[in-house]
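Residue strings, one per chain:
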Amino acid sequence: MGGPRRLLLVSNSTLHGGGYLGHCQQHIKSFLGEKVKRVLFVPYALHDRDAYARTAREKFESLGYGLDSIHESCDPVEAVRKSEAIFIGGGNTFRLLKALYDNSLIQEIRKRVLEDGIPYMGSSAGTNVATVSINTTNDMPIVYPPSLQALGLVPFNINPHYLDPDVKSTHMGETREERIRQYHEEPNTPPVLGLREGAMLLVEGDKATLQGVTGARLFLRGKKPTEHEPGTDFSFLLIDSNLQNP
């Protein structure tokens, strides 16, 4: 097959006031196009995989695509090898990554996406695992994957569901920005793109573009965070992030 990497990395599955993937369904149709007929769904981030697959199948069938859930396959590796497109849904990122390792899928998915060029879509936790590592997830470590290193489809990290500080809040815990700053206190940490709910990143080859209805906040180690609106070209993030670390 071959071709450049194609990724649609969505911050969240459901936007307030809408249904499952409702806010990004037109982006999905544009991203998958007419050549893709069936999507391989990875429901590992949630405990009830059957119910999750039903929800995803209903949505994708409404968009004109068939959906196969990897947990229904007796051979997950072979399912990835035969897939036309992959969608990894949200839930607990630690649970998801552990299942990807347990089923020997890390290298298989990397090969299909980076070498064979099949489309990869992630939402929330599925977006987290597309990046360098899951260090900037918002989730509790309810299980322990053998490593925090993820698929590495892009050379930076993402924080989905990024929340701005609420000036009226009396909550005394760290803000999301403070937690990301703590991450960047460690050496050799890559950029972190804070995707607000309603935002998504489209990657086509060496071009990355912010899409959706909300913006994003970019954190580079040793620098002040910057604000970005939909339409921003983030292609520079696809350069090896080691070049960006002071």
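The text that follows walks through the structure, step by step, so that each part is easy to find. (Residues numbered from 1 in each chain as written. Predicted model: local features only at pLDDT ≥ 70, side-chain atom pairs only at ≥ 80, totals over all residues. Heavy atoms only, no water.)

Tallying secondary structure elements over the chain gives 7 helices and 11 strands in all. A globule of 246 residues ought to have a C-alpha radius of gyration of about 18 Å, and the chain, at 17 Å, matches this closely. Taken along its principal axes, the extent of the C-alpha atoms in the chain is 45 × 40 × 35 Å. If you take every contact in the chain between residues at least 6 apart in sequence, the share linking residues at least 24 apart comes to 69%. Accessible area for the chain stands at about 11,600 Å²; split by element, carbon and sulfur atoms hold 50% of it. (Helix = DSSP H or I, 4+ residues; strand = E, 2+ residues; numbered from the N terminus. Rg over C-alpha atoms; globule rule 2.2 N^0.38 Å. Contact = heavy atoms within 4.5 Å. Areas by Shrake-Rupley, 256 points an atom, 1.4 Å probe, with all protein chains shown as cover.)

Per the counting criterion, the structure on display carries 14 salt bridges. Asp116 is paired through a salt bridge with Arg112; the nearest N and O atoms lie 2.8 Å apart. Overall, the relative accessible area of 13% leaves Asp116 in the buried class. What emerges from the salt-bridge pattern is a single network uniting Glu177, Arg181, Arg196, Arg217 and Glu227. (Salt bridge = Lys/Arg side-chain N within 4 Å of Asp/Glu carboxyl O. Buried < 20%, exposed > 50% of the residue type's maximum accessible area, 1.4 Å probe, protein only.)

A few words now on the nonpolar core. Core analysis: the biggest nonpolar cluster contains 46 residues, and Ile88, Leu96, Leu100, Ile109, Tyr120 and Val129 have the highest contact counts within it. In terms of residue count, the dominant contributor to this core is helix α4 (residues 93-102) (5 residues). Among residues more than four places away in sequence, those in contact with Ile88 are Val42, Leu96, Ile109, Tyr120, Met121, Gly122, Ser123, Gly126, Val129 and Leu151. Judged by nonpolar contacts, the second largest core, of 23 residues, contains Val36, Ala53, Met200 and Leu202. (Core = buried A, V, L, I, M, F, W, Y, C linked by side-chain atoms within 4.5 Å.)

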